[in-house]
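# Observations on the model geometry
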Number of protein chains: 4
Amino acid sequence: MKFYRPTEECGIFGIFGHPEAANLTYLGLYALQHRGQESCGIVSSDGRSLSAHKSMGLVADVFGNQEIFRSLPGPAAIGHVRYSTTGDSVYKNVQPIMVDYSRGSIAVAHNGNLVNAQIIKDELEAWGSIFQTTMDTEIIIHLLATSKQNSLEDRIVDALSRVKGAYCLLFLTETRMVAARDPHGFRPLCLGKLGDSWVVASESCALDLIEAEFIREIEPGEIVVIDKNGLTSLSPLKKVEPAPCIFEFVYFARPDSYIFGQNVYEVRKEFGRQLAREHHVEADIVIPVPDSGVPAALGYAQEAGLPFELGLIRNHYVGRTFIEPQQSIRHFGVKIKLNPVRDILKDKRVVVIDDSIVRGTTSRKIVKMVRNAGAKEVHVRISSPPTSYPCYYGIDTPTRKELISSSHTIEEIRKYITADSLGYLSEEGLLQSVGTGSTPYCKACFSGSYPIKFPKLAAAPQLDLF
Amino acid sequence: MKFYRPTEECGIFGIFGHPEAANLTYLGLYALQHRGQESCGIVSSDGRSLSAHKSMGLVADVFGNQEIFRSLPGPAAIGHVRYSTTGDSVYKNVQPIMVDYSRGSIAVAHNGNLVNAQIIKDELEAWGSIFQTTMDTEIIIHLLATSKQNSLEDRIVDALSRVKGAYCLLFLTETRMVAARDPHGFRPLCLGKLGDSWVVASESCALDLIEAEFIREIEPGEIVVIDKNGLTSLSPLKKVEPAPCIFEFVYFARPDSYIFGQNVYEVRKEFGRQLAREHHVEADIVIPVPDSGVPAALGYAQEAGLPFELGLIRNHYVGRTFIEPQQSIRHFGVKIKLNPVRDILKDKRVVVIDDSIVRGTTSRKIVKMVRNAGAKEVHVRISSPPTSYPCYYGIDTPTRKELISSSHTIEEIRKYITADSLGYLSEEGLLQSVGTGSTPYCKACFSGSYPIKFPKLAAAPQLDLF
Amino acid sequence: MKFYRPTEECGIFGIFGHPEAANLTYLGLYALQHRGQESCGIVSSDGRSLSAHKSMGLVADVFGNQEIFRSLPGPAAIGHVRYSTTGDSVYKNVQPIMVDYSRGSIAVAHNGNLVNAQIIKDELEAWGSIFQTTMDTEIIIHLLATSKQNSLEDRIVDALSRVKGAYCLLFLTETRMVAARDPHGFRPLCLGKLGDSWVVASESCALDLIEAEFIREIEPGEIVVIDKNGLTSLSPLKKVEPAPCIFEFVYFARPDSYIFGQNVYEVRKEFGRQLAREHHVEADIVIPVPDSGVPAALGYAQEAGLPFELGLIRNHYVGRTFIEPQQSIRHFGVKIKLNPVRDILKDKRVVVIDDSIVRGTTSRKIVKMVRNAGAKEVHVRISSPPTSYPCYYGIDTPTRKELISSSHTIEEIRKYITADSLGYLSEEGLLQSVGTGSTPYCKACFSGSYPIKFPKLAAAPQLDLF
Amino acid sequence: MKFYRPTEECGIFGIFGHPEAANLTYLGLYALQHRGQESCGIVSSDGRSLSAHKSMGLVADVFGNQEIFRSLPGPAAIGHVRYSTTGDSVYKNVQPIMVDYSRGSIAVAHNGNLVNAQIIKDELEAWGSIFQTTMDTEIIIHLLATSKQNSLEDRIVDALSRVKGAYCLLFLTETRMVAARDPHGFRPLCLGKLGDSWVVASESCALDLIEAEFIREIEPGEIVVIDKNGLTSLSPLKKVEPAPCIFEFVYFARPDSYIFGQNVYEVRKEFGRQLAREHHVEADIVIPVPDSGVPAALGYAQEAGLPFELGLIRNHYVGRTFIEPQQSIRHFGVKIKLNPVRDILKDKRVVVIDDSIVRGTTSRKIVKMVRNAGAKEVHVRISSPPTSYPCYYGIDTPTRKELISSSHTIEEIRKYITADSLGYLSEEGLLQSVGTGSTPYCKACFSGSYPIKFPKLAAAPQLDLF
């Protein structure tokens, strides 16, 4: 029996009321490509029926000819980009899922991960449901279809009151688009407007590309129903303390996006500044591990009064199909992506800024690369606390035992990565940097303090899932 | 709301207990390619889980590299080839369908068409089921999953006692393969043996290719369960008068196959002989419309004592993607497939044998082609009665109004196709040719006498389906 | 150093003066697909410059979208289909070849094989030429480009007077189309007319498809120049005794074509009749090895007064990419293509008609297949004499040592293929069947008497080429 | 008659004496991907013959499976990446070109552009040569093949003494690899060593990736012959004043490379510093147009004492197949690649650093984007002088009339791009920044002073070429 694969690391986008809905959804997904590079799909509605196009591949490739848009007619559309690391990344799992049920057709796109998926699946199967994908998202549609409620809204509320975990959802029927965000608000979701059309997107950078106006974020626990009569907001789910994912700031979101009320770039720079305050070191230059480490490195450099340099150049042509050379040639690993600028690093005391250390192997290669390029000293600074716990809410992290900081002290990690010094941003520093102070964030990956209790029955296997 | 698309014109194949199960299934499907050229798929079981590979395309292309078979491990496999004429021929409808339900995983391959699909779908949706394909096959799995019965066999019986129509089915679970044929036995299905392995196939030509021994046909209403303990035969469904499809003999099956107790080639030849007896004409040569008309033409020629000639040469390189030339060039139609041999036809009185006339347009072109090649007279003989009624049991025929013989007399048809004379095989002649006499066949496409009553509610829309 | 690959087994087509030239060339190539299934290409001219599209693959696939024809503008076009058995079948060798030289652009399509290719290549290289393909065709363009003559015609004559071997050529420049056939006339080439447009094709079946009128064959040694002023015929090459390839009748050409003044189907039937006269046997039925053996089998059956039956059914879905099953499964060989009809063969004395025996392995499998299907006796009759010598003029035959009849007596071959009797058509019978008697044919593959002497230097390696 | 297309904007790589030659060439090309994204190819030698694989597409895609490397055996290989903007980017033009000539096989890869290509082509055609590509590179092979010299070296010298223009060349024969750089040394080419193997590459970043040691640059006019006996350096070509392309520093080369004796990153930073000295402005932040503008912006910021920020975020998923949205949606242009970070730009006086202005349209969009994001003032600074003249030596620049600075004053350009101020680096500043002072650079694109005189005959048409 297969366990459920979380639909982690995804981006969703939808637009209602625009003659070029599918085309704009394509652009929106394109702006969200960093949230999932493995597969993508769009479902559109022309008011009477739904049409779909989806496939493995990048947005620009999957939607790489104008014909496709002719097969996606209508003024409403939702789309999805998805990342997956394993063999389950098969066609049947590409979203949005589109089904027929008693009230007609419905499509759904999901970003997040349900923690009680297996329990509900068992119940649904016992009751007679069949499952054609291995995604937790399918459970939501089953719950919606089997709901005793009458209206679409009530069925959605019914379904969502059963599931636990992280979800940002976009539903599309023949005549309506519905957006929903889980009560903890783990993942970001925002609302925009383009002329008279409503737009929903995982991040505001997708609004920017289509020149839609940012209206506001969808609230934790909020359900937004959009149809020809306009927008209705509901908050029927039980209130809980919000827990937006702080790791979106650290690594996942695009720096030009606004999420959880803040600009990602500014927050990352503040991580860097705070890191400089917490882990000062005598040095000559500050360099980022590009691209994600750049804003924190700028913040560190500014706070420390050190020159910022692009000491590592990133090759952006790394594709999905990169073939490793023969075994007789040394393993290339990080060299495929990064190359040092020797003149910059030579004889320098270098501070290297990265956003996190996962297994430690990449950091070790980077330290060696910088040192081989002539650096006198290599000081690694990480713009987040040690990542010791897996995420169950939609970020694809390795199992605990693969996370180096779950079993090693900072000094042990420093030795392993061969750095002259190593400093992580403190949890306090992290929280202080994101500001308002009052907003509670989910920082389970750092603290192990998970906002949602695991269902008893599923606890053990669920933990093994990842 | 979409109506159901019959899974008409399909071929199925399965093998249980052979180390190269997927490979042999590939060969079996290859032999059944004439039953469906649009898409194909194989699901295999290694005893613990199922694996699938399926796609649009011909068998030799979809399974065109050895890697694929490594992804289909295990000693049991089922496969499917499918033909579809319309836009619904999308990936999601490619069979076998594979799902998870309360007892594990199950895959199903279906040849036939359910006439009460829409009614049951409505019921299942009302109850909460969701539908991810537009194939009637999905209904069977839903019924099986929602059955209150305990064992797989009982669940299958439960499901099959609900559906009406034509079906040959192959189910594969982790540990069992189940074959089922509807009580009317509309479509052929046979049982073979290859060493210790059991084989099930739509036609015996698939057994021949893998050098399996033909054991017997699966009986109408029979359910055959195969597992490591061997084969069990059940006949739990309500007995009805059998109604094997006589059109399989006329056109659909391969001439080297044995179906419904007879060899297709021999039956077709007898159609030809009988046709000669019924519609004698003074002529010089007999030519078939290749390939399907060849055996009947041989029979006709032998009975009439006329020379058989291959007066029309068929180009077998016609592919799916054939691009019609510009409109400024005359429409090519049948010329792409057939070219006359002038020396054979010149100044001859020619009898042209075809298996059926559908819209009449192709026959008209063929008559003109033969006449332009120099024939003095062109006498068309059809080795079946006029096709006046659509098939609801798994042959893809046009709607009634498109069937020329539903609205025209034979003389009108003769005029339309510009033949000097036109003769159809009589229904009596047809039945007499297939022999045993006692076996009742489904000949609804000729007579309009449908063996299964249409469900009241669905009657009207169902008729519009085609 | 690579030796030259003959451009054997090809088909060529050209049209001058039609607004849909490329489109009609596509149809022409489609009708000639049997002459080469590996690659194809079209070059068109709009009066000022040439455009090309060519690729590996079947005609219907390579030209499978209307866009391509927009990239092939102009009222003149030539095309090519090519077959090749080995690794040299790479893109660079796909024809037509298109080059720039001192007088502008020129494209050429070639069917045949030059026997002094290597000698001329050596000379041209010594002189400074470079070669970008491994086809002998490139030599002709080099000779044309280096010719001291002034006009295109004179340059072509100059080039052709240098080469020895088999060639049907179509040249296309910005403003002219030139067709040329070697003085022996080994390969067929015919001239047709479609309205005011001139058409040239390897076989007349290509004229039929586009409904062009067959005018006449291009004569051996004739050069036909077509431009806006019409057609000019030249015969500047040294006259030799014609030697059209009799194997085109035996196997290669399409039965509906007229070549060398005769209809292929009728000639093949006559082969069969003569074969019946030469090798009578008591038998019950006559069956062909389809498709090429059909006309001869009809002739044999008619002459012998025996029933003709389609005892072997051919599967036409055999594609380029057919994957052989695992080694643990018995080798399938001919079973993939042919399946016996047991009812037809059972307890019968069967005459099997094939066009030739090459290595003997296929015939052996067919005999066993027929016998296993129940035949009491299997008598093999071959509608041509034993093929003991390789062809150097454009048919892809194996080396001598692979040709079973080059080293085995007929009785030895009979034993090897396990037939009850074996009879080949005699050389006299073969020649008598093609009729006029006065026309000398090339029958080197049967007799070893090659119409063209091998160049001394190249003799040895050239023989090793094949 | 077609004129020659320069093989501009290419990268070349070769290695001799390593068992994984093709694999390492793949990695080398991967590191040089920025020099050409349209097509790529590798030719290897196993000592007896050459093997090739080449195609349109990115390196990681074209060589995206391990099988390909098995078809490229041998210890020597050369490779090529190419960029081309127009329709001539067809398969036949993909390099390396591989031909047979009198001494065997030879392959060549070329980076640069010959200015007398048409004249030599005319001569060669008059003499009888045929041309199968539209690349100037083919001319070099013709000259080499028609040379009266005996040794490969002498033939190469003979050929190169005939051509004028920019070239870095890699030749591969069965047993030797030869590298050549034109006497002006327009394009970079360096020599490295990996164990006992010699490596040649356009830029040193390719050596870094395979961990080869940088030995030295190939000198202008130098020819390096590498075979099993080692390396031989020749300088047989007439000496001229070197003229390395200064635009390689400005834009084309990778920042981590060392070319013309300097590190590109450091030179670019110095451009920025000098730009700050020349065009001071009161401002709050300095932002680059990523990625190429980053080092200059860092230099500017450091010199000006202003904060450097990544105010524009680049989307790296822009692919070749990006489909523009429907016309009803506003043209997206630069928004697809760049998105502003509003919080960074809001109410700021912003200095935007870019490397050059070509047509002005992109700069205009960037200025508007920055201003719309809230910037109070937008000051554009260009890290090179106005680009007023096309390049004939291997950079793909538009025609003169498309270059905005060829017909507009700086003030007019400023108005057009709607900047508050605009400053270009002076020619003196540019030259001073690259340092040594004594090295003369080609700066024809800024000054119009071309190091090579145009051949009289070809002058006019050649100018029209671009």
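As annotated in an unreviewed UniProt entry, chain A carries the name Amidophosphoribosyltransferase and is attributed to Geotalea uraniireducens. The record held by UniProt for chain A lists under Pathway (unreviewed entry) the comment "Purine metabolism; IMP biosynthesis via de novo pathway; N(1)-(5-phospho-D-ribosyl)glycinamide from 5-phospho-alpha-D-ribose 1-diphosphate: step 1/2."

## Some remarks on the UniProt feature "active site" (unreviewed entry) in chain A
All names here are of chain A. Under the feature "active site" (unreviewed entry), the UniProt entry names Cys10. Tracing the backbone through its elements, the reader meets cysteine 10 in strand 1 (residues 10-16). For cysteine 10, a count of 28 C-beta atoms within 10 Å corresponds to the buried category. Apart from residues no more than four positions distant in its own chain, cysteine 10 is found in contact with Arg35, Gly36, His80, Val81, Arg82, Tyr83, His110 and Asn111.

## Description of the packing of helix 9 (residues 264-278) of chain C against helix 10 (residues 294-304) of chain C
All names here are of chain C. Axis separation between helix 9 and helix 10 bottoms out at 6 Å; the angle between their running directions is 45°. The orientation of helix 9 with respect to helix 10, classified from their angle, is oblique. Where helix 9 crosses over helix 10, the handedness of that crossing is right-handed. Note on element contacts: helix 10 touches helix 9 through Pro295, Ala296, Ala297, Leu298, Gly299, Tyr300, Gln302, Glu303 and Ala304, opposite Tyr265, Arg268, Lys269, Glu270, Phe271, Gly272, Arg273, Leu275, Ala276 and Arg277. Tallied by class, the residues present in the contact of helix 9 with helix 10 amount to ten nonpolar, three polar and six charged.

## What about the environment of alanine 76 of chain A?
Residues and elements named next belong to chain A. Within the secondary structure, alanine 76 sits in strand 4 (residues 76-82). Between the C-alpha atoms of alanine 76 and aspartate 227, which are 151 residues apart in sequence, the distance is 9.5 Å. When neighbours within four sequence positions are excluded, alanine 76 is seen to be in contact with Ile15, Phe16, Gly17, Ala21, Ser44, Ser45, Leu172 and Met177.

## Here's the deal with the arrangement of the chains
Structurally, chain A and chain C remain out of contact, their C-alpha atoms never closer than 13 Å. With no contact between them, chain B and chain D keep their nearest C-alpha atoms 13 Å apart.

## Examining the relation of the copies chain D and chain A
For the pair chain D and chain A, the superposition axis carries a translation of 0.0 Å, the fit reaches an RMSD of 0.0 Å, and the rotation angle comes to 180°. What the rotation and shift describe, once combined, is the action of a two-fold rotation axis. Using C-alpha coordinates, one finds that chain D approaches the rotation axis most closely at histidine 316 of chain D, a distance of 3.4 Å. Taken together, the interface assignments show that 100% of the residues at the interface of chain D recur at the interface of chain A, consistent with an identical surface on both copies.

## Considerations on the nonpolar core
With 313 residues, the main nonpolar core has Leu170 of chain B together with Leu170 of chain C as its most contacted residues. Ignoring anything within four residues of it in the chain, the contact list for leucine 170 of chain B reads Ile12, Gly14, Ile78, Val108, Ala109, Met177, Ala179 and Val200 of chain B. Formed by 312 residues, the second largest nonpolar core is a distinct cluster that contains Leu32, Ile218 and Ala276 of chain A together with Ile353 of chain D.

## Here we look at the interface of chain D and chain A
The partner chain A presents 50 residues to the 50 residues of chain D that form the contact. Listing elements by their share of the side of chain D that touches chain A, those giving two or more residues are helix 1 (21-31), helix 2 (59-62), helix 7 (204-209), helix 9 (264-278), helix 10 (294-304), strand 18 (338-340) and helix 11 (342-345) of chain D. Ranked by the residues each element gives to the side of chain D that touches chain A, the list is headed by helix 1 of chain D, at five residues. Partitioning the side of chain D that touches chain A into residue classes produces 27 nonpolar, 14 polar and nine charged.

## Regarding the UniProt feature "binding site: Mg(2+)" (unreviewed entry) in chain A
Residue and element names in this part refer to chain A. Residues annotated by UniProt as "binding site: Mg(2+)" (unreviewed entry) correspond here to Ser292, Asp354 and Asp355. A stretch of 64 residues holds the annotated residues, and the largest C-alpha distance among them is 7.5 Å, short enough that they meet in one place. Take serine 292: it is sitting in the loop between strand 16 (285-288) and helix 10 (294-304). Setting aside residues no more than four positions away along its own chain, serine 292 makes contact with Tyr251 and Asp355. Within the element layout of this structure, aspartate 354 appears in strand 19 (residues 349-354).

## A closer look at the sheet that holds strand 1 (residues 10-16) of chain C
Residues and elements named next belong to chain C. Judged by pairing direction, the sheet is antiparallel, and its seven strands sit side by side in the order 3-2-4-1-10-9-11 without closing on themselves. Of all the strands in the sheet, the pair left with one neighbour each is strand 3 (50-56) and strand 11 (213-217). Between one strand axis and the next, the sheet turns through 15° on average, direction left out of account.

## Digging into helix 4 (residues 117-127) of chain A
Residues and elements named next belong to chain A. Those residues of helix 4 not exposed but buried are Ala117, Gln118, Ile120, Lys121, Leu124 and Glu125. The buried residues of helix 4 all sit within an arc of 160° when viewed along its axis, so they share a single face. In the stretch just after helix 4, glycine 128 is the one whose phi turns positive, near 125°.

## Describing the interface of chain B and chain A
Chain B puts 19 residues into the contact, and the matching count from chain A is 19 residues. Those elements that provide at least two residues to the side of chain B that touches chain A are strand 5 (97-101), helix 4 (117-127) and helix 5 (137-146) of chain B. With four residues, the single largest contributor to the side of chain B that touches chain A is helix 5 of chain B. Residue composition of the side of chain B that touches chain A, grouped by class: nine nonpolar, seven polar and three charged.

## Examining the environment of serine 105 of chain A
As for its placement among the helices and strands, serine 105 of chain A is situated in strand 6 (residues 104-114). Among residues more than four places away in sequence, those in contact with serine 105 of chain A are Ser49, Leu50, Met98, Asp100, Thr173 and Glu174 of chain A.

## Here's the deal with the packing of helix 5 (residues 137-146) of chain D against helix 6 (residues 152-160) of chain D
Residues and elements named next belong to chain D. At their nearest, the axes of helix 5 and helix 6 sit 8 Å apart, and the two run at 125° to each other. In this view, helix 5 runs oblique relative to helix 6, as classed from their interaxial angle. Relative to helix 6, the crossing made by helix 5 is right-handed. Contacts from Ile140, Leu143 and Leu144 of helix 5 reach helix 6 at Arg155, Ile156, Asp158 and Ala159.

## Remarks on the domain arrangement of chain A
Residues and elements named next belong to chain A. Entries for chain A in the domain assignment read domain 1 (10-243) and domain 2 (263-315 + 332-441). Those elements that provide at least two residues to the side of domain 1 that touches domain 2 are strand 6 and strand 7 (165-173). No other element matches strand 6, which puts three residues into the side of domain 1 that touches domain 2. When grouped by side-chain class, the residues that make up the side of domain 1 that touches domain 2 number six nonpolar, five polar and two charged.

Reading the values: the criteria
- Residues numbered from 1 in each chain as written.
- Chains lettered and ligands numbered in written order.
- Predicted model: local features only at pLDDT ≥ 70, side-chain atom pairs only at ≥ 80, totals over all residues.
- UniProt positions renumbered as here; feature names shortened; annotations may be inferred.
- Helix = DSSP H or I, 4+ residues; strand = E, 2+ residues; numbered from the N terminus.
- Buried ≥ 20, exposed ≤ 12 C-beta atoms within 10 Å, placed from the backbone.
- Contact = placed C-beta atoms within 7 Å.
- Axes fitted to C-alpha atoms, helices over the stretch in contact; angles between N-to-C directions.
- Parallel < 35°, antiparallel > 145°, perpendicular 65-115°, else oblique.
- Left-handed = near helix turned anticlockwise from the far one by under 90°.
- Nonpolar A, V, L, I, M, F, W, Y, C, P; charged D, E, K, R; others polar.
- Least-squares fit on C-alpha atoms with pLDDT ≥ 70 in both.
- Core = buried A, V, L, I, M, F, W, Y, C linked by C-beta atoms within 7 Å.
- Pairing = 2+ DSSP bridges.
- Arc of directions from axis to C-beta.
- Domains from an automatic or database assignment.

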